[in-house]
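Single-letter residue listing:
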Amino acid sequence: MSDIVRRDPRKEWIARNRLHPEHFAVLAELGGEGASPSEWIGPSGLIRRNPRAVGFIGPNGIKRIDRSGGQRGAQAAQGRRSQAGPTRRSVAIEEPAFLIAVVPDLAGGRLSSHDRDLLGLARQLADADPERPGAVLALTFGSHKETAFGDAGIDRLMAFDEAIFDGYAPEARLAALQAVERELAPRHWLLPDSSLGGGELGRRLAVRLGERAATQVWQVEADAEAPSGWRCTARASAGANDLRRPLPRVALALAECAEPVSETHHAARPLTLSQPLPEAFTRIEDGGAVAVDPAGVALAEAEFILSAGNGVRDWDAYHHAARTLGATEGASRVAVDDGFMPRDRQVGATGTWVTARVYVAVGISGAIQHLQGIQRCDKVVAINLDPGCDMIKRADLAVIGDAGAILEALVARVERERQGAEEQRDVA
Amino acid sequence: MSHDTTKQASGGLDVAVLVSVGRHPLTARARRADHDARAVELALGLEAARVRLIHAGRNDPDSEAALRDYLGMGFASLTRIDQPAGADVLPALLEALREAAPQLLFTGSRAETGEGSGLLPYLLGEALGWPVVTGIAAVESVEGGTATLLQALPRGQRRRLRVRLPALISVDEAGPAPRQSAYGPARRGTLSAETRPAETDDALAGWTLEPARARPKRLKIVKASSARERFKAAAAKAEGGGGQVLTDVTPEQGAEAIFTLLKEEGVLRH
Amino acid sequence: MLDILLPILIFSALALAAIGAVRRIRLWRQGRPSPVPVLRGLAAVPRRYLVDLHHVVARDKVMSNTHVATAGGFVAAMALAIVVHGLGLAEGVLGWLLLAASATMFAGSLFVARRRRDPPARLSKGPWMRLPKSLMAFSLGIFAVTLPAVGVLPADAGGWLVAVLLAAVVAWGLAELVFGMTWGGPMKHAFAGALHLAFHRRPTRFSVKRGGEGRSTGLKALDLDDADAPLGVEKPADFTWNQLLGFDACVQCGRCEAVCPAFAAGQPLNPKKLVQDMVVGMVGGSDARYAGSPYPGKPVGEHAGDPHGPIVAREGTALVDAETLWSCTTCRACVEECPMMIEHVDAIVDMRRFLTLERGETPNKGAEVLDNLIATDNPGGFDPGSRLHWAADLDLPLIADRGEAEVLLWLGDGVFDMRNQRTLRSLVKVLRAARVDFAVLGNEERDSGDVARRLGDEATFQRLARRNIATLSQYRFDRIVTCDPHSFHVLKNEYGALGGDYEVFHHSTYLHTLIEAGALSITPTALGRVTYHDPCYLGRYNGEYAAPRAVLEALGVELVEMARSGYRSRCCGGGGGAPITDVPGKQRIPDMRMNDVRETGAELVAVGCPQCTAMLEGVVAEDRAEIKDIAELVAAALGDDATPAPAASDTRRTTEEVMG
């Protein structure tokens, strides 16, 4: 169905003229198949009215009555709905002038927002000259769950999914990148400067290629004087300084270095190397993950803290909740003083200053020292009986009620979610 | 008194730690660099190891005070390779390391001054032909030419690695918290200077280093396809300014609201 | 026969005592040298004993009288016995005097015996339990052998058997009281105590005839320029010899134990045991023979040491465990209470200095706090450029802009604490209402160094102090006013040794002078029952008990005193870095203090210290009394119409007149 609305001035005129003999017929036609007339002539010749059918539901969910006669709400809404998903322009680069190689982290098997930002940056570099566009080549290691590579701005996709690349395999991965370098010689190598992914691999690659990589890059601008045509700004001196230099061949960029691709769809055409990879000599062996109890994670490092205070009665249930949620345990001073929690778990100005993304305060009223200690937390959730306490004022979300019952319900909710996810996995 | 003397007696593993002069993020005062100090702490935790400290850099009062902070962790001496300002310390370090030939070399993940690119461990590893492992939180054992290490993953998780010696281990903030630097040993310890050829870092000299600018906060870009959506995005209430308070809800409703927030923030593991 | 026996007994006891004295002195001299004025010190003993020591002992009237009778009787009896029996000069009144002296001593020993019947827990048992019997043996024996000498009884009354019996009793008494004085035993305190008074390392803490404060509470500075000088005390022999002498003077009365907040909280510290452990270390051996209360949670008999061995072991046990030393809040209650004038806090800080400066073993958050002090000049690690952020709206005058001010307001590290900022705001409001010409250092101010010094980091203390002194020397001001008693004490008493001498006022004292001068119009308001908590560093350290109470009185407050107030005030638990080192106990010191408050039925505790405010406000309890700083109470009594407008430049003269 075409999205273009064609207007018929005559029909609109009839629709506005309630006395026109064809009025209802036209209204019904304009209102769409589903629209029922609000007025009609009953079998006895009387005019019947259905007041509920008057008007239409507007796009914001509010009922509107259009006295102009053209009750076009339903149709308009339908029309707009089909437009809602912004259509992306499809771009296919058949003969790229050059390649920009990107090695996304694919943390958790999907493109992270950091990866997407980096691909956005790669697109900037590739599309700078519309006459001679380059292609963005993404190299992935190991298995992944990502399906929307094209939407992220990837023209060519090379997957290294052999078992040797799984886990921690910097030597094998480096050998693969070297093979790509030999065969395709990308103009730039871009990697996310993340601590245990691109940050490491990128530095290894730069050293192997003999390039002095730009690290912690957060801005790339065109610069005609630079050899590569680009110059970059990078954090230096552990974040205290900025270093401005021409963009080298290998760059490791921070998150938000560029806007992710949002308007185009790219081909993400699979690509393989013509030569098989040489056997890599490994001196680093991955011994696998070691189980670590989240409760043992240092408070200052934790990103999700379930903190307990005076209002917690059932400590076993609290510990169980922390385990189920996978949260690091914290405590108010009182809970520590009363001996329910060890001293190294104390949060606050006199304990540990925490920087968690989510801080859930269970039964903590929020002494001023405690609030100081959680200043740098992003989201604070409070569970408390007293709606007037200071923690509630600080919290982004506060639930007033018995901490024990709410924690229990939360645990049940999370477990239900997890079961659901598992079943889905089994089905798949 | 000092750790190195006690460790020397037992012989065994030869360990070197590269240390640099750090800089406090708030006051910019010279201090021991955090990552390097953690690397020293990790090295001090090794059984029967001879640990020596090596620094390459400028010789000035500020750096001396910072280097003495490392001595205060229990060392009688530290080797300082004097290099002029703006020198590339890599050749001098390589020369010193080839002479010292340690079995394990510890470094911090990046310097707190200058470029601080974090490339040095990899450059050294490449030039010496040693494997480089990063983000190490603990050394479990060193036996038969192989070290078993624990590498720190996000959220406090750990991964076990085995690496062939000689190897280079780089340490970041996941390393063990460094012990207190004591005034007495710091004052007594000696900084033994070594002179080695210096090479100027010409590339760095050509770039501009300036105090870090605040990065622009990313705006929420609303891809609005209609005027109404654009209006809604523009008129949306700013976030914050008092959170949502749920009173008189059942525990289940409260739990649901919290659950939604936890999901949105992505802190629940699957 | 007694005529022959008694001189032999007396002179052999004296001779043995002399040998013992030499041995004892040798033990003390193992310590490091510390020059003292020998003759002047000895000459000062009677006054120090009769005035200063008696002043402390007299806090317990019964015990004081008992001691006067027993000790006075003994000294007189012994002196007379030497003359009467030793030299055989029984003529005239001497014998009668000897009878009177021994009778007095006997009366005293009866009281000693009564106290030993059911002794309080703080008293040591063991050899001390036989002391009343020894005293009685001596006094009765001397009394009996003197009766023939004055002619009440015939010279040969009772025959040789009685004579031998009496001689044996006298010998027992002499052994305990003369020989035991120098060879160890309960009476050691008399010998060592007298010399301790003579050679005390803080001669200025004693009163002098001319008057004066008689107070010396500042810690002694380490000489950091001398690379060979030891950094603190590692082994008993590292104490100065007169410190060792001081430990040896301990009479084990346990008054220190009774007032120690850490001991009461069940933390592993007992000042009496600590001093005894130092004696054990000086002599060499184990603490198994100690017969008093142990460190809470640490059985007696597991620790041993020697003069040249470490006090705190790196691993395992030595003389004392580190956590014992870190339990101390440096509240000085033990020192205040000690009748032998022993300096417990000095000793503890000396040993802490070694642990921090040589071993780098400041426990818990200690190391982090010290690192912060080194890197950011404040214990919290805050940006030193943000010291005045709390007062962005107050427009505080900076002394750097003006060069001089009458009052330099020392804000302290409370500027980073949201609770203390309320106190500071109140103080600023009051100063402005009184039109005081004041200014602040702003970002030029640094931590006073108090915490670093109490944590044993003398190097950081001296660095901070010297920088502060250099900053202060750039400006002209008449006096420093601060609402932090810790800064107050350090600025007033500890900067002097490093070249900084200032007139420093605690804000309560200064507010009192303002009120006295009529510079503040106060509308008394009903505050209900109010009690006042004396901060250790204001009260015991600096003797200021009156001014805060006078201020409260001027506010029209109904002041009720806690059972422990004034010089006996119980610490809040916040001093000496105790909240930082955080040694676990059975209960918390501030909780005990708030119980003291509850017993008075007060609804409000007035305090004068940011540390006390934080500690006491941290107590979570039903119907806990409110905690307000004196500055807040005064500010509230000013009403809202007291405009906190910046003082105009021409008001300075009037302020001076008021102050004059």
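Here the structure is a predicted model, which means the values were calculated and not measured.

A.B. asks: Got a minute to help me understand the sheet that holds strand β7 (residues 104-108) of chain B in this structure?
C.D. replies: Hydrogen bonds between backbone groups are what pair the strands of a sheet, and the pairing can be parallel or antiparallel. All names here are of chain B. Overall, parallel pairing links the seven strands, which are arranged β8-β12-β7-β1-β4-β5-β13 in an open sheet. Each end of this open sheet is capped by a strand with a single partner; those strands are β8 (132-133) and β13 (190-195). Where strand β1 (residues 13-18) and β7 come together, three bridges link them in parallel fashion. Its bridge partner being in β7, valine 17 is matched across the sheet by phenylalanine 106. Along the sheet face, helix α5 (residues 120-128) touches β1, β7, β8 and β12 (167-171) and points at about 175° away from the line of β12.

A.B. asks: How should I be thinking about the domain arrangement of chain B in this particular structure?
C.D. replies: The parts lose accessible area when they come together, and the size of an interface is often stated as this lost area. Domain parsing of chain B yields domain 1 (3-206) and domain 2 (227-265). Placing the centre of domain 1 of chain B and that of domain 2 of chain B at their C-alpha centroids yields a distance of 48 Å.

A.B. asks: Honestly, the side chain of Arg352(C) in this entry has me stumped. Any pointers?
C.D. replies: Residue and element names in this part refer to chain C. By the element assignment, arginine 352 lies in helix α14 (residues 344-359). Within the buried core, arginine 352 has no salt-bridge partner, and the shortest N-O distance to an opposite charge, that of aspartate 450, equals 9.4 Å. Engagement of the side chain of arginine 352 in a polar contact is seen with the backbone oxygen of cysteine 328, the distance being 2.8 Å. In terms of polar contacts, arginine 352 uses its side chain to reach the backbone carbonyl oxygen of arginine 454, at 2.8 Å. The contact partners of arginine 352, leaving out residues within four places of it in the chain, are Leu325, Trp326, Ser327, Cys328, Thr330, Arg454, Leu455, Gly456 and Gly576.

A.B. asks: Even after reading the chapter, I still don't get the interface of chain C and chain A, so can you show me in this structure?
C.D. replies: The interface is formed by 13 residues belonging to chain C together with 13 residues belonging to chain A. Buried surface at the junction of chain C and chain A, both sides included, amounts to about 960 Å², of which 49% is carbon and sulfur. Our enumeration of links across chain C and chain A arrives at two salt bridges. Residue Arg343(A) is joined to Asp582(C) by a salt bridge in which the shortest nitrogen-to-oxygen separation is 2.3 Å. One can count four residue pairs in polar contact (both at pLDDT 80 or more) joining chain C with chain A. When residues of the side of chain C that touches chain A are assigned to their parent elements, the largest contribution, three residues, is made by helix α17 (residues 418-433) of chain C. Split by residue class, the side of chain C that touches chain A holds six nonpolar, one polar and six charged.

A.B. asks: Can you help me understand empty space enclosed by the protein in this one?
C.D. replies: If you roll a probe as big as a water molecule over the atoms, it shows you where there is empty space left. Residues and elements named next belong to chain C. Going through the model one piece at a time under the given rule, you end up with nine cavities of 30 Å³ or more. In this structure, the largest cavity spans a volume of roughly 100 Å³. Mapped by element, the contributors of at least two residues to the lining of the largest cavity are α10 (261-264), α13 (333-337) and α14. Considered class by class, the residues forming the lining of the largest cavity number eleven nonpolar, three polar and one charged.

A.B. asks: It is not clear to me how the pairing of strand β3 (residues 404-410) of chain C should be interpreted in this structure. Could you clarify?
C.D. replies: Look at any regular strand and the pattern is simple: side chains alternate between the two faces of the sheet. Residue and element names in this part refer to chain C. Across the seven residues that make up β3, a large majority, six, are buried. For β3 and strand β5 (residues 476-482), the ladder comprises six bridges, and the chain directions are parallel. Residue tryptophan 410 lies in a different strand from β5, and its bridge partner there is threonine 482.

A.B. asks: Whenever I open this one, unusual backbone geometry confuses me. Can you help?
C.D. replies: For residues other than glycine, phi is negative in most cases, and the peptide bonds are mostly trans. Each neighbour pair has its own omega, and for Leu165(B) with Pro166(B) the value is -10°, a cis peptide bond. On the secondary structure map, Pro166(B) appears in the loop between β11 (158-164) and β12. Positive phi, close to 65°, is recorded for Glu256(A), a residue that is not glycine. Tracing the chain through its elements places Glu256(A) in the loop between β13 (250-253) and β14 (264-266). Under the relative-accessibility criterion, Glu256(A) is labelled partly exposed at 39%. We note that Ala268(A) has phi near 50°; this positive angle belongs to a residue other than glycine. The residue Ala268(A) is located in the loop between β14 and β15 (269-270) in this model.

A.B. asks: Before we go on, may I ask you to explain the interface of chain B and chain A in this structure?
C.D. replies: Taken together, the contacts link 75 residues of chain B with 77 residues of chain A. Of the roughly 7,000 Å² buried between chain B and chain A on both sides combined, carbon and sulfur atoms contribute 55%. If you sort the residues of chain B by the area they bury against chain A, Trp207(B), Arg215(B) and Arg218(B) come out on top, with a joint share of 11%. Summed over the shared surface of chain B and chain A, the result is eight salt bridges. Of all the elements, helix α9 (residues 251-265) of chain B adds the most residues to the side of chain B that touches chain A, at twelve residues. For the side of chain B that touches chain A, the residue count by class is 34 nonpolar, 16 polar and 25 charged. In this structure, strand β21 (residues 397-400) of chain A lies alongside strand β16 (residues 244-246) of chain B, joined through three bridges in parallel fashion. Bridge pairing links Leu397(A) to Gln244(B) in β16(B).

Reading the values: the criteria
Counting restarts for each chain, with residues numbered from 1 along the sequence as it is written. Just so you know, chain letters begin at A and ligand numbers begin at 1, following the order they were written in. Only residues with pLDDT of at least 70 get local features here, since the model is predicted, and only at 80 or more are side-chain atom pairs given and counted; chain-wide, interface and lining totals rely on the full set of residues. Calculation of side-chain values draws on the structure's entire complement of heavy atoms; hydrogens and water are dropped beforehand. Two strands pair if DSSP finds at least two bridges between them. A run of DSSP states H or I qualifies as a helix once it reaches four residues; a run of E qualifies as a strand once it reaches two. Both are numbered from the N-terminal end. Contact criterion: two residues are considered in contact whenever any of their non-hydrogen atoms come within 4.5 Å of each other. Structural elements are reduced to axes, namely lines fitted to C-alpha atoms, with helices fitted over the stretch in contact, and the angle between N-to-C directions of any two is expressed from 0 to 180 degrees. Domain borders in the structure are assigned automatically or taken from a domain database. Relative accessibility thresholds used throughout: buried, under 20% of the residue-type maximum; exposed, over 50%; partly exposed, between the two (1.4 Å probe, protein chains only). Only four residue types enter the tally: Lys and Arg on the positive side, Asp and Glu on the negative side; His and the chain ends are excluded. Salt-bridge detection follows one rule: a side-chain nitrogen of Lys or Arg within 4 Å of a carboxyl oxygen of Asp or Glu. Each polar contact in these results corresponds to two N or O atoms within 3.5 Å; when the atoms are within protein, one needs to be able to donate a hydrogen and the other to accept it, and residues that are neighboring in sequence are counted only if both atoms are side-chain atoms. Values labelled buried area give the accessible surface lost by two parts on being combined, using a 1.4 Å probe and summing over both. Gly is put with the polar residues, along with every residue not named as nonpolar or charged; the nonpolar set is Ala, Val, Leu, Ile, Met, Phe, Trp, Tyr, Cys and Pro, and the charged set is Asp, Glu, Lys and Arg. Grid points spaced at 1 Å over the protein atoms alone were grouped into cavities, where a 1.4 Å probe fits but cannot get out, and pockets, open sets with protein on both sides within 12 Å along at least five of seven lines, with lining residues defined by an atom within 4 Å of a point. Grid points are joined across faces, edges and corners, and a volume is the space filled by probe spheres set on the points.

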